[in-house]
Amino acid sequence: MAGNPALANPTPREWFSTAAFTTPPYGSFGNAGRNILNGPGLQVVNVSIVKNTAIGERLNVQFRTESFNA
């Protein structure tokens, strides 16, 4: 990383400065860490539907469906 990737006025088209990054030398991995950028607004919705059913006195069955990042 060669600078600060934050922009003063980010837009949906350009929400970080690409000039803050350079190509690392051949044979190296560079120094940019993981999760260093915050993207534009994002809504994450996780949904779960669960149905518990008793079969007799000692046996229960659970039917479950889940959806992540819907």
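Preceding block: the structure.
Notes on the structure in this doc start here. Computed from a predicted structure; not experimentally measured.

**Thoughts on the overall build of the chain**
- When helices and strands are tallied, the chain shows zero helices and two strands.
- Taking 2.2 N^0.38 as the reference for a compact globule, 70 residues should give roughly 11 Å; the C-alpha atoms of the chain span a radius of gyration of 23 Å, well beyond that estimate.
- Along the longest, intermediate and shortest principal axes, the C-alpha atoms of the chain span 65 × 35 × 15 Å.
- For the chain, buried positions account for 4% of its 70 residues.
- Long-range pairs, those at least 24 residues apart, make up 15% of the contacts in the chain between residues at least 6 apart in sequence.
- If you sum the accessible surface of the chain, you get close to 6600 Å²; carbon and sulfur atoms cover 53% of it.

**Notes on the pairing of strand β1 (residues 47-55)**
- In the sheet, β1 pairs with strand β2 (residues 59-67) via nine bridges, with the strands oriented antiparallel. Each residue of the ladder has a partner; that of I49, found in β2, is T65.
- Count of turn residues in the β1/β2 antiparallel hairpin: three residues, of which G56 carries a positive phi of about 75°.

**Some remarks on a nonpolar patch on the surface**
- Taken together, V45, V47 and I49 make up a surface patch of nonpolar side chains, about 240 Å² in accessible area.
- Mapped onto the fold, I49 is located in strand β1.

**A closer look at the packing of aromatic side chains**
- If you walk through the whole model with that rule in mind, you get two aromatic pairs.
- An angle of 85° between the planes, with centres 6.0 Å apart, marks the rings of F16 and F21 as edge-to-face.
- F21 sits in the partly exposed class, given a relative accessible area of 26%.
- Each residue in the set W15, F16 and F21 is aromatic and connected to the rest through ring pairs, giving one cluster.

The rules behind these values
Residues numbered from 1 in each chain as written. Predicted model: local features only at pLDDT ≥ 70, side-chain atom pairs only at ≥ 80, totals over all residues. Heavy atoms only, no water. Helix = DSSP H or I, 4+ residues; strand = E, 2+ residues; numbered from the N terminus. Rg over C-alpha atoms; globule rule 2.2 N^0.38 Å. Buried < 20%, exposed > 50% of the residue type's maximum accessible area, 1.4 Å probe, protein only. Contact = heavy atoms within 4.5 Å. Areas by Shrake-Rupley, 256 points an atom, 1.4 Å probe, with all protein chains shown as cover. Pairing = 2+ DSSP bridges. Patch = residues over 30% accessible without salt bridge, like charges linked within 9 Å, V, L, I, M, F, W, Y side chains within 5 Å. Salt bridge = Lys/Arg side-chain N within 4 Å of Asp/Glu carboxyl O. Phe/Tyr/Trp six-rings, centres within 6.5 Å; stacked < 30°, edge-to-face > 60°.

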